[in-house]
Amino acid sequence: EKAQTVIVTIPEGYTVKEIVDTLVDKYNLSSREELYDVIENYEFDYWFIKQLDENRSPDRKCRLEGYLYPDTYYYYSNASAVNIINKMLKSFALKMKQTFKNYKGCEGTYIEKINYLCETKCKMTFDEIVNLASIIQMETLYDVEYGHISSVLNNRLKNPRYETGGFLGCDATYYYIFQDDPPEELTAEILAVDDPYNTRKYKGLPPGPISNPTFLAINYAIFPESTKDYYFFAKKDGTNEFSKTLKE
């Protein structure tokens, strides 16, 4: 029997769980067990996975969260789990190359340029940049706001002595904690949950990314807009209101 071609679309900001559910339930590709085994354990030969594995937090919920690039993919119906996940990682690598290869601030390959930006400009690992980008991705419906949201989050991370105290306080991280059973609303009980992904309870970034962001969100994580804002809240239309102080 000849294998059919399956066209798979992975939306921006999907979590690994949503991607696996989509592959298995919607497109009938591979199996949950095989996909998760590959995601957690397979030794892929990519620079960003080697870096990630060296620095991985024991509290990280999912190893490859952040790196399964949202895109449209063509698979054979009998594709292996390794082949399926590898295509997404390959797409991620290609998008990073296209995004950073023309950066003029230093010489070298696109990987050297990314590492230079992370170390000297951001004082973060690349995985922390992807982590930050994954939050930026989930905190707005509109990519025109990525730069401003990145500015708020960067301000909070870099100035822990400000009134925000080094806490990101992002709602999006709660939905990641409860992704098996998403809450209707964020009650006081949910906001107090003791989980390392609770960015109101634990300072700084969560232990790993909370979605699979686009190259644009990653670019803005490295190059935020320059503002003095520390707060934003979502309005009814999905855009955000920004301010410098809580009182504002």
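Above this text you will find the structure in question.
Not measured: the values here are computed from a predicted model.

Novice: I would appreciate a short explanation of the overall build of the chain in the present structure.
Specialist: Within the chain, the secondary structure is distributed over 10 helices and 4 strands. Tracing the chain from N to C terminus, the helices and strands come up as β-α-α-α-β-α-α-α-α-α-α-α-β-β. Computed over its C-alpha atoms, the radius of gyration of the chain comes to 18 Å, within 12% of the 18 Å expected for a compact globule of 248 residues. For the chain, the spread of C-alpha atoms along the principal axes amounts to about 65 × 50 × 35 Å. The long-range fraction of contacts in the chain, counting pairs at least 24 apart against all pairs at least 6 apart in sequence, stands at 65%. In the structure as shown, the chain presents an accessible area of about 13000 Å², 49% of it carried by carbon and sulfur atoms. Placing the 29 positive and 38 negative side-chain charges of the chain at their respective mean positions leaves the two points 7 Å apart.

Novice: What should I look at first to understand the pattern of salt bridges in this one?
Specialist: Any two side chains of opposite charge can pair if their charged atoms end up close together. A full pass over the atoms with the stated rule returns 11 salt bridges. Here K50 and D45 are joined by a salt bridge, their closest N and O atoms 2.3 Å apart. Across the pair R63 and D53 runs a salt bridge, and its minimum N-O distance is 3.1 Å. Residue R63 is found in the loop between α3 (47-55) and β2 (72-76), and its partner D53 is found in helix α3; the two are separated by 10 residues along the sequence. Within the structure, one salt-bridge network assembled from shared partners comprises K17, D21, D25 and R32.

Novice: Hey, could you run me through helix α7 (residues 146-158) in this one?
Specialist: Note: α-helices contain 3.6 residues per turn, so residues at a spacing of three or four share the same orientation. The end-to-end C-alpha distance of α7 is 18 Å, a good match for the 18 Å that 13 residues give at a rise of 1.5 Å each. The buried fraction of α7 is high, at 11 of 13 residues. Those residues of α7 that fall on the buried side of the exposure criterion are Y146, G147, H148, I149, S150, S151, V152, L153, N154, N155 and R156. Where α7 is buried, its residues meet α6 (126-138), α10 (215-222), β3 (231-234) and β4 (240-243).

Novice: I keep staring at helix α5 (residues 110-122) and nothing clicks. Help me out?
Specialist: Along α5, the positions that sit buried rather than exposed are Y110, K113, I114, N115, L117, C118 and C122. Looking at the buried side of α5, the elements it contacts are α3, α4 (81-100), α6, α7 and α10. Once α5 ends, the next one or two residues include K123, with phi positive near 55°.

Novice: Hey, could you run me through unusual backbone geometry in this one?
Specialist: Keep in mind that most residues, glycine aside, have a negative phi and that most peptide bonds are trans. At N28, a residue that is not glycine, the phi angle is positive and equals roughly 60°. As for its position among the elements, N28 is in the loop between α1 (16-26) and α2 (32-41). The backbone of S30 shows a phi angle near 50°, a positive value even though the residue is not glycine. Residue position: S30 is located in the loop between α1 and α2.

Novice: Is there a simple way to explain the side chain of D229 in this structure?
Specialist: Relative to the helices and strands, D229 resides in the loop between α10 and β3. The charged side chain of D229 is buried without a salt bridge, its nearest counter-charge being K244 at 4.3 Å.

Novice: Looking at this model, I keep getting lost on the packing of aromatic side chains. Mind explaining?
Specialist: Each aromatic ring pair is summarised here by two numbers: the centre-to-centre distance and the angle between the ring planes. In the structure shown here, the tally under the stated rule is 15 aromatic pairs. The interplanar angle of 40° and the centroid separation of 5.2 Å between the aromatic rings of Y176 and Y197 together place this pair among those described as tilted. With Y176 in helix α8 (residues 171-177) and Y197 in the loop between α9 (188-191) and α10, the pair connects residues that are 21 residues apart, well separated along the chain. What makes Y197 buried here is its relative accessible area of 0%. With 5.9 Å between their ring centres and 50° between their planes, F232 and F242 make a pair best called tilted.

Novice: Explanation requested: the packing of α4 against α5 in the structure shown.
Specialist: Describing two packed helices takes the angle between their axes plus the distance from one axis to the other. Close contact between α4 and α5 brings their axes to 9 Å; oriented N to C, the two are set at 75°. Relative to α5, the element α4 is oriented roughly perpendicular. Contacts from A93, M96, K97 and F100 of α4 reach α5 at Y110, K113, I114 and L117. For the contact of α4 with α5, a count of residues per class yields 6 nonpolar, no polar and 2 charged.

Calculation rules
- Per chain, residue numbering runs from 1 following the sequence as it is written.
- Where local features are concerned, this predicted model is filtered to residues with pLDDT of at least 70; where side-chain atom pairs are given and counted, the filter is 80 or more; whole-chain, interface and lining totals use all residues.
- Hydrogens and water molecules were not included; the side-chain quantities draw on all heavy atoms of the structure.
- What counts as a helix is a DSSP run of H or I of at least four residues, what counts as a strand is a run of E of at least two, and both are numbered from the N terminus.
- Only the C-alpha atoms count toward the radius of gyration. The rule for a globule is 2.2 Å times the residue count to the power 0.38.
- A contact between two residues is defined here by any heavy atoms of the two lying within 4.5 Å.
- Accessibility throughout is a Shrake-Rupley quantity obtained with a 1.4 Å probe, and a residue counts as covered only by protein chains that appear here.
- Working convention for charge: Lys and Arg count positive, Asp and Glu count negative, and His plus the chain ends are omitted.
- Where a charge lies is defined by one atom per residue type, namely NZ (Lys), CZ (Arg), CG (Asp) and CD (Glu).
- Note on definitions: salt bridges are taken to be side-chain nitrogens of Lys or Arg within 4 Å of carboxyl oxygens of Asp or Glu.
- The span you would expect from a helix comes to 1.5 Å times its residue count less one.
- Between buried and exposed lies partly exposed: a residue is buried under 20% and exposed over 50% of the maximum accessible area for its type, with that area taken using a 1.4 Å probe on protein chains only.
- Stacked, edge-to-face and tilted are the three classes for Phe, Tyr and Trp ring pairs, Trp counted by its six-membered ring, which pair at centre distances within 6.5 Å; planes under 30 degrees apart are stacked, over 60 edge-to-face, the rest tilted.
- Axis geometry follows a simple rule: fit a line to the C-alpha atoms, using only the stretch in contact for helices, then measure angles between N-to-C directions, giving values from 0 to 180 degrees.
- Reported orientations rely on four angle classes, namely roughly parallel under 35 degrees, roughly antiparallel over 145, roughly perpendicular from 65 to 115, and oblique for the rest.
- Asp, Glu, Lys and Arg are counted as charged, while Ala, Val, Leu, Ile, Met, Phe, Trp, Tyr, Cys and Pro are counted as nonpolar; the rest, among them Gly, fall into the polar class.

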